[in-house]
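Fold and contact review
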Amino acid sequence: MAGYLDRIGAGLVLKDVEPLSFDYIPTSLVGRDDKLVDLATKFSTIILPETSCNVLITGPVGSGKTALAKVFAKDLELNFSNKRSISHVHINCRNFNTSPQVLHKVITKLDPGYPVRGLSSSEVLSSIRKILRNLNQHFLIILDEVNHILMKEGNDILYKLLRIDEDKQGKGTLSLILISQEEIVLNLLEGAVISRLGVGNHIRLSGYNKDGLFEIAKQRAELSLFKESYDDEVLDLIASSAASKGDARNVLHLIEGSAKNAEKEGRKHIIPEDIQTISSKEVVAVEPHVVDNLRPHLQLLLLAICRRLKKESEITSGDAEQLYKVVCEEYNQTPKGHTTLWKYIKDLENNDFISSKYGSMPQGRGRTQLLSMPNILPSDLINRLELNLNRQFNI
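Residues numbered from 1 in each chain as written. Predicted model: local features only at pLDDT ≥ 70, side-chain atom pairs only at ≥ 80, totals over all residues. Heavy atoms only, no water.

What follows deals with the pattern of salt bridges. Any two side chains of opposite charge can pair, on the condition that their charged atoms come close. Summed over all chains, the structure comprises 19 salt bridges. The partner of arginine 196 in a salt bridge is glutamate 166, and the shortest N-O contact between them spans 2.8 Å. Of the two residues, arginine 196 sits in helix H8 (residues 191-197) while glutamate 166 sits in the loop between helix H6 (156-162) and strand S4 (174-180), which places them 30 residues apart along the sequence. Its relative accessible area of 28% is what places glutamate 166 among the partly exposed residues. What you see here is one network of salt bridges that share partners, running through Lys210, Asp236, Glu314 and Lys357. (Salt bridge = Lys/Arg side-chain N within 4 Å of Asp/Glu carboxyl O. Helix = DSSP H or I, 4+ residues; strand = E, 2+ residues; numbered from the N terminus. Buried < 20%, exposed > 50% of the residue type's maximum accessible area, 1.4 Å probe, protein only.)

Take a look at the structure:
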């Protein structure tokens, strides 16, 4: 067998890639406990007979809208089956963007063999209601990326679903969860639909903060990677790298990409450079003139930081200061004072060369400023900095 094929199935770092899929829904949702409580509050009467609940969930890409709705629907089914029979269907309106397609998806979930060919939308709706009433079952429909069907056909499908029990005996047949990006859907919903949904039944999600992204990275790494292949420093760097956009999908991409990069190198563990390699492909590379225009001592400090971060995921500001003094000695320069150096660190952060946070000292005594480079490969800057400094100081 060709030698390069020995990497296939080797499993050096990755043990299961499925938990890194955008479509994978974990058994528990991390980083959104408050929104689960909010959703449960808006559905507080769902276990009562003849009751429906409706919610609109909005937020940016990768903010966990779909996972929130799916986990809630699953938990609803499992935990209240003794009080009310509830089932659900998730429909992505990007793929099913007409009323007939949505209704076909709904009715075949209830009765896979139901003949819908030739039936009008009203007839299919009537059949859906009849099936549910006969089963004494409540049905939760999750319409994901609902803006696609709204842009194509308007609000008609929503209006019909919301009025499915109108002028009929019995109520509470259906509940709806609509999902979309806020700036898109709010301009597409008609007043009559918003009124029936309920003006207060709107849950807004923001992008994840770094702590939330770290918890997601930790959960997915435990599911997808071998235990010895990563540590909390690696997960922290992944979270830092994804934090600028707050997109959980970037975390998944970084875990998989850095794991595969490590395996490509024949290693059984992920190192900071694996993450930086993947992350640097997603941001604008640092232009040479940006580095060249830095003041000489800023370049000396950046070189000191880069040399350490080529090997480690982060460095304390105190270590950065000591290494800066070493680099100054290398180039026969007098180091600047502590206050000036603190300003230089802020300059590097403001220009997106580094990220900073406050954390515990490595020995666990007190707190300090921790510096990292989640979106730039330190090795990419080292050669440029050394070339500039050698020229500036005639070395």
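Following the structure, the description resumes.
What follows concerns helix H2 (residues 65-79). Helical geometry note: an α-helix holds 3.6 residues per turn, so side chains three or four residues apart project in the same direction. Between its terminal C-alpha atoms H2 stretches 21 Å, which fits the 21 Å expected from 15 residues at 1.5 Å a residue. Every buried residue of H2 is listed here: Lys65, Ala67, Leu68, Ala69, Val71, Phe72, Ala73 and Leu76. Along its buried surface, H2 packs onto helix H1 (33-42), strand S1 (54-58), strand S2 (86-92), strand S3 (138-144) and S4. (Expected span 1.5 Å × (residues − 1). Contact = heavy atoms within 4.5 Å.)

Overall, parallel pairing links the five strands, which are arranged S2-S3-S4-S1-S5 in an open sheet. Looking at strand neighbours, the two that pair on one side only are S2 and strand S5 (202-204), the edges of this open sheet. With direction set aside, neighbouring strand axes in the sheet form an average angle of 15°. By the bridge criterion, three bridges tie S1 to S5 in an arrangement that is parallel. Note on S5: the bridge partner recorded for threonine 58 is arginine 204. Its contacts with the sheet place helix H3 (residues 99-110) against S2 and S3, and it is angled at close to 145° to S2. (Pairing = 2+ DSSP bridges. Axes fitted to C-alpha atoms, helices over the stretch in contact; angles between N-to-C directions.)

Keep in mind these values describe shape, not function.
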